[in-house]
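Fold and geometry: a report
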Amino acid sequence: MNEDLKVNVSGLPREYLDAAAAENISAAASSKAPVAEPEPELVVNPWDIVLCTSGTLISCENAVVVLIIFHNPSLRAPMFLLIGSLALADLLAGVGLIINFVFAYLLQSEATKLVTIGLIVASFSASVCSLLAITVDRYLSLYYALTYHSERTVTFTYVMLVMLWGTSICLGLLPVLGWNCLRDESTCSVVRPLTKNNAAILSVSFLFMFALMLQLYIQICKIVMRHAHQIALQHHFLATSHYVTTRKGVSTLALIMGTFAACWMPFTLYSLIADYTYPSIYTYATLLPATYNSIINPVIYAFRNQEIQKALCLVCCGCVPPSLSQRARSPSDV
């Protein structure tokens, strides 16, 4: 009875009022419902792009060296085995930088971080160890010049290769096996997820190998000066020719040492004094020159070597220039 007495004071038809009320209710409900926010755009760090570009260049350069040495049976002397080891290590380092970029922006997970950093640590460690092994080989070729081409030298070279790759793989496995800072960020180094202690061990190991290489370089210089003194007394043409070749090898070693120190020393010292609280731009600014060492290595070791130049010419044009074919290979040639 009371419902019949209710008056429509608005003067509008009841159907219109019912439709308007339904719209108001739906609008109120939609205002309370959570609004789907647009996904944030993927922002790429320019430093990561530069590192990925460096990795691509490293991979292309060193892949050429690895293929030439692998497919040429004449390049099996200890010197070329060590150059091949260096090229392979740098090739893996370049691949690691590329994979790191892909995983960082497309496939983010703890497992991919650990695998990527393990690959990069192992490959760069193998690269540095290969440089040390090449320095040892250069020293042996001068100090034991008469017995350098014996089977003992080949055996020693294989032992060095097994030791350096075994040590490098072990260093790369440390983050994967649990020595990382994913569970405790306060222990992180400048390169996450490496711990501060892990980075310190790598840095100290580098300084030790650098000091050992420098000592070997000093000994090589002493041998060259002794040869120069003997040559000055004998004035023998063949001895002079051998001295010129030896001096070229020492000059190459000097170039190697200077390049090696300029590329790796900034990042090594920074890793010792800094941690995860430091701005990441400093890490990028010191790590990038370290990657340049892997770009320079093929130019210093492989592409300046006469035998590798011959093999490269055969692959590219099917012939060997007369200037290369007339020159004999020397154990002091790097």
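Residues numbered from 1 in each chain as written. Predicted model: local features only at pLDDT ≥ 70, side-chain atom pairs only at ≥ 80, totals over all residues. Heavy atoms only, no water.

As annotated in an unreviewed UniProt entry, the protein chain is G protein-coupled receptor 12 from Chinchilla lanigera. Quoted verbatim from the Subcellular location (unreviewed entry) heading of the UniProt record, the comment on the protein chain is "Cell membrane". (UniProt positions renumbered as here; feature names shortened; annotations may be inferred.)

1. Details of the overall build of the protein chain
Within the protein chain, the secondary structure is distributed over 11 helices and 0 strands. In sequence order, the protein chain lays out its α and β elements as α-α-α-α-α-α-α-α-α-α-α. Within the protein chain, the proportion of its 334 residues that are buried is 43%. Taking as baseline every contact in the protein chain between residues at least 6 positions apart, the subset at least 24 positions apart corresponds to 76%. (Helix = DSSP H or I, 4+ residues; strand = E, 2+ residues; numbered from the N terminus. Buried < 20%, exposed > 50% of the residue type's maximum accessible area, 1.4 Å probe, protein only. Contact = heavy atoms within 4.5 Å.)

2. Section: the nonpolar core
Grouped together as the largest cluster of nonpolar side chains are 69 residues, with contacts concentrated most on Ile83, Phe260, Trp264, Tyr301 and Ile308. Elements supplying a minimum of two residues to this core: α3 (46–71), α4 (78–106), α5 (110–143), α6 (151–176), α7 (196–234), α8 (237–273), α9 (280–302) and α10 (306–317). Of all the elements, α5 adds the most residues to this core, at 15 residues. Setting aside residues no more than four positions away along its own chain, Trp264 makes contact with Phe124, Val128, Phe206, Ala290 and Asn293. (Core = buried A, V, L, I, M, F, W, Y, C linked by side-chain atoms within 4.5 Å.)

3. A closer look at the packing of aromatic side chains
Going through the model one piece at a time under the given rule, you end up with 11 aromatic pairs. Each ring, one from Tyr270 and one from Tyr278, has its centre 6.1 Å from the other, and the planes form 85°; the classification is edge-to-face. A network of ring pairs unites the aromatic residues Phe124, Phe206, Phe210, Phe260 and Trp264 as a single cluster. (Phe/Tyr/Trp six-rings, centres within 6.5 Å; stacked < 30°, edge-to-face > 60°.)

4. A closer look at unusual backbone geometry
Generally, phi is negative for residues other than glycine and the peptide bonds are trans, each holding for most cases. Note that the residue after Arg192, namely Pro193, is joined by a cis bond; omega there is 15°. Along the chain, Pro193 falls in the loop between α6 and α7.

5. Thoughts on the state of the cysteines
The full count for this structure, using the stated rule, is 1 disulfide. What pairs with Cys181 in a disulfide is Cys188, and their sulfur atoms sit 2.0 Å apart. Because the sign of the S-S torsion sets the handedness, a value of about 95° for the bond joining Cys181 and Cys188 places this disulfide among the right-handed ones. Like Cys181, the residue Cys188 is buried in the burial classification. (Disulfide = S-S within 2.5 Å.)

6. Notes on the UniProt feature "transmembrane region" (unreviewed entry) in the protein chain
The UniProt entry lists residues 47–70, 82–108, 114–136, 156–179, 199–218, 250–269 and 281–303 under the feature "transmembrane region" (unreviewed entry), expressed in the numbering used here. Helix makes up 100% of residues 47–70 and strand makes up 0%, while its end C-alpha atoms are separated by 34 Å. A helix fraction of 88% and a strand fraction of 0% characterise residues 156–179, whose end C-alpha atoms lie 32 Å from each other.

7. Here we look at the pattern of salt bridges
A side chain with one charge may pair with a side chain of the opposite charge, provided their charged atoms come close. Going through the model one piece at a time under the given rule, you end up with 3 salt bridges. A salt bridge links Glu110 to Arg183; the nearest nitrogen and oxygen atoms lie 3.2 Å apart. On the criterion of sequence distance, the pair formed by Glu110 in helix α5 and Arg183 in the loop between α6 and α7 is long-range, its members being 73 residues apart. A relative accessible area of 69% places Arg183 in the exposed class. A salt bridge links Asp137 to Arg138, with the shortest nitrogen-to-oxygen separation between them at 2.1 Å. There is no split in this pair, since Asp137 and Arg138 are both buried. (Salt bridge = Lys/Arg side-chain N within 4 Å of Asp/Glu carboxyl O.)

8. With respect to the environment of Tyr143
Assignment of secondary structure puts Tyr143 in helix α5. By relative accessible area, Tyr143 is classed as partly exposed at 44%. Distance in space between the C-alpha atoms of Tyr143 and Val224 is 9.8 Å, their sequence separation being 81 residues.

9. Examining α6
Relative to the 38 Å expected for 26 residues at 1.5 Å per residue, α6 spans 38 Å between its end C-alpha atoms, a close match to the ideal helical length. For α6, every residue scored as buried is listed here: Thr153, Thr157, Met160, Leu161, Leu164, Trp165, Ser168, Gly172 and Pro175. Gly178 occupies a position one or two residues after α6 and carries a positive phi of about 125°. (Expected span 1.5 Å × (residues − 1).)

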